[in-house]
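# Observations on chain architecture
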Amino acid sequence: MAEVKLFGFWPSPFTRRVIWALKLKGVDYDYMEEDLPHNKSSLLLKYNPVHKMTPVLLHGGKPIAESLFILEYIDEVWPHNPLLPEDAYERSVARFWAKFIEEKTRPMWEFFHEFGQEQQKKIEFNMEILRTIEEHGLGDKKFFGGDVIGIADLVFGMVIHMLAPMAEVVGVKFIEADSFPRLHAWVKNFSEQPVIKDNFPDYNRVLEFLKIRREYYATLSQHNH
Amino acid sequence: MAEAEAVVKLLGAWLSPYCYRVIWALKLKAIPYEYIEEDLSAKSPLLLQSNPVHKKVPVLIHDGKPISESTVILRYIEEIWPHNPSLPTDPYDKAVALFWIKFADDKSPSISKLYRSDGEEQQQAAKECSEMLEAMEEQGLIEGKKFFGGDEINMVDIAFCSVAHWLGVIEEFAGLKILEPHRFPKLSSWIQNFKSVPVIKENLPHRDKMIALLKRRREVLLASKSN
């Protein structure tokens, strides 16, 4: 069997979704932790020269970058427990939402860099995005993938292990039972999935990591005023 | 007798490179379709209903079912009509192609920023464009290969449409020169080859019409910024 290696960054949702995909399909792999952002390995720079970012999957010595396409690659090479539906139209819907959530991911973290009024604006922005996702993306389904988790679910997982701890550090809450009932149910259902629940980054470790970042942003913000 | 409803409809806007991606994909596979030009200042109920999340073109409607986002549309077309394939079938080669298609998606907005901004903002956009072109020249294009797709164009070539046509027109309009042939020899060849492909050549917006619209848009944008 060809060797599979994953270059990743432990708190990053872009890495985490690949870990979930590999584990859901029972694929053996070696994990190489990258010391981001300042100490990237020479292998990472060699395998992703355009973006120099994690995650990068190496299969039989050949590198693949961009987490969404790593997921599609994994899905194609190991087709059991599929991440994408069979029907072409349903696949286009899944890709649309995976892309939408992916594109909103970093913007949804911007509130964490901001303070005061700017922060409030970004928080409201997040609420708008979550409303769109709940109404148009998830709807009445259990998962974005329907009855089973799919690619869009793996991408949305960041709300649990990155957005939630960021919100906790700042002192706000995004997905609550009364404001986003369907997303709230999704969080519970997704977190209880066997492979998912055993493979979250350690919450407290993420919290500590984020607290240091928040202090850094606070210092920057003071110097800018 | 009632006219048969077109099975494939495309909602588009004549200036949008994202719409041309879909037009070319449909024409390269000889798929008949009905084209509906949208007035983006007065979007039709059909558009708003078909793409409630983004309210943007292009939207493909197949058997009444809408698909939005040009690259999602291209993947759908590829899967429903697999003849004249526009993506490699090998999973690894496909992943590499998808990487470059996303790169094109992520970096192309810098091109339209060139006419939408001035001063420092425009300089920043020019820098971003230059970096995009460098990556294409150094990492994307392979010496001796006519297209990203090899001897024939594929989805990657189509995804870089903004570089092939829109960039040149916008550069001319804005009085900039970023894509210098001596700096980007492979890219310059690629553009010539790409625009010689009959389906592409016969389906490109006209430079004069583009410049007239860009001029109007820029005036409106800069006026609203100063208010």
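Residues numbered from 1 in each chain as written. Chains lettered and ligands numbered in written order. Predicted model: local features only at pLDDT ≥ 70, side-chain atom pairs only at ≥ 80, totals over all residues. Heavy atoms only, no water.

Heads up, the rule is: UniProt positions are given in the numbering used here, feature names are shortened, and annotations may be inferred rather than shown by experiment.
Chain B has the name glutathione transferase in an unreviewed UniProt entry, where Hibiscus sabdariffa is given as its organism. UniProt annotates chain B under Sequence similarities (unreviewed entry) with the comment "Belongs to the GST superfamily. Tau family." Under the heading Catalytic activity (unreviewed entry), UniProt records this for chain B: "RX + glutathione = an S-substituted glutathione + a halide anion + H(+)".

The name recorded for chain A in an unreviewed UniProt entry is glutathione transferase, from Hibiscus sabdariffa. Quoted straight from UniProt, the Subcellular location (unreviewed entry) entry for chain A says "Cytoplasm, Cytosol".

## Observations regarding unusual backbone geometry
Basically, it comes down to this: Working definition: helices are DSSP H or I runs of at least four residues, strands are E runs of at least two. Numbering for both runs from the N terminus. For every residue, the accessible area (1.4 Å probe, protein chains only) is compared with the maximum for its type, and the residue is labelled buried under 20%, exposed over 50%, or partly exposed between those bounds.
In this structure, Pro55 of chain A follows Thr54 of chain A across a cis peptide bond, with omega equal to -5°. Note on placement: Pro55 of chain A falls in the loop between helix H2 (42–47) and strand S3 (56–59). Of the consecutive residues Val57 of chain B and Pro58 of chain B, the connecting peptide bond is found in the cis state with omega at 0°. Tracing the backbone shows Pro58 of chain B in the loop between helix H2 (45–50) and strand S3 (59–62). Unusually for a residue other than glycine, Lys52 of chain A sits at a positive phi of about 55°. By the secondary structure assignment, Lys52 of chain A is in the loop between H2 and S3. By relative accessible area, Lys52 of chain A is classed as partly exposed at 38%. In this structure, Glu66 of chain A takes a positive phi of about 80° despite not being glycine.

## A few points about the packing of helix H4 (residues 88–108) of chain A against helix H3 (residues 70–80) of chain B
Rules: Interaxial angle, 0 to 180 degrees, is taken between N-to-C directions of lines fitted to C-alpha atoms, where a helix line uses only the stretch in contact. Just so you know how the angles are binned, under 35 degrees is roughly parallel, over 145 roughly antiparallel, 65 to 115 roughly perpendicular, and the rest oblique. Two helices cross in a left-handed way if the nearer one is turned anticlockwise from the farther one by less than a right angle. They cross in a right-handed way if the turn is clockwise. Here, residues are in contact when the closest pair of their heavy atoms is within 4.5 Å. Residue polarity follows a fixed list, in which Ala, Val, Leu, Ile, Met, Phe, Trp, Tyr, Cys and Pro are nonpolar, Asp, Glu, Lys and Arg are charged, and the others, Gly among them, are polar.
Running from amino to carboxyl end, H4 of chain A crosses H3 of chain B at an angle of 160°, the nearest separation of the two axes being 10 Å. The orientation of H4 of chain A relative to H3 of chain B falls into the category roughly antiparallel. The chirality of how H4 of chain A crosses H3 of chain B is right-handed. For the pair H4 of chain A and H3 of chain B, contact is made by Ala88, Tyr89, Arg91, Ser92, Arg95, Phe96 and Lys99 of chain A and by Thr71, Val72, Arg75, Tyr76, Glu79 and Ile80 of chain B, respectively. For the contact of H4 of chain A with H3 of chain B, a count of residues per class yields 6 nonpolar, 2 polar and 5 charged.

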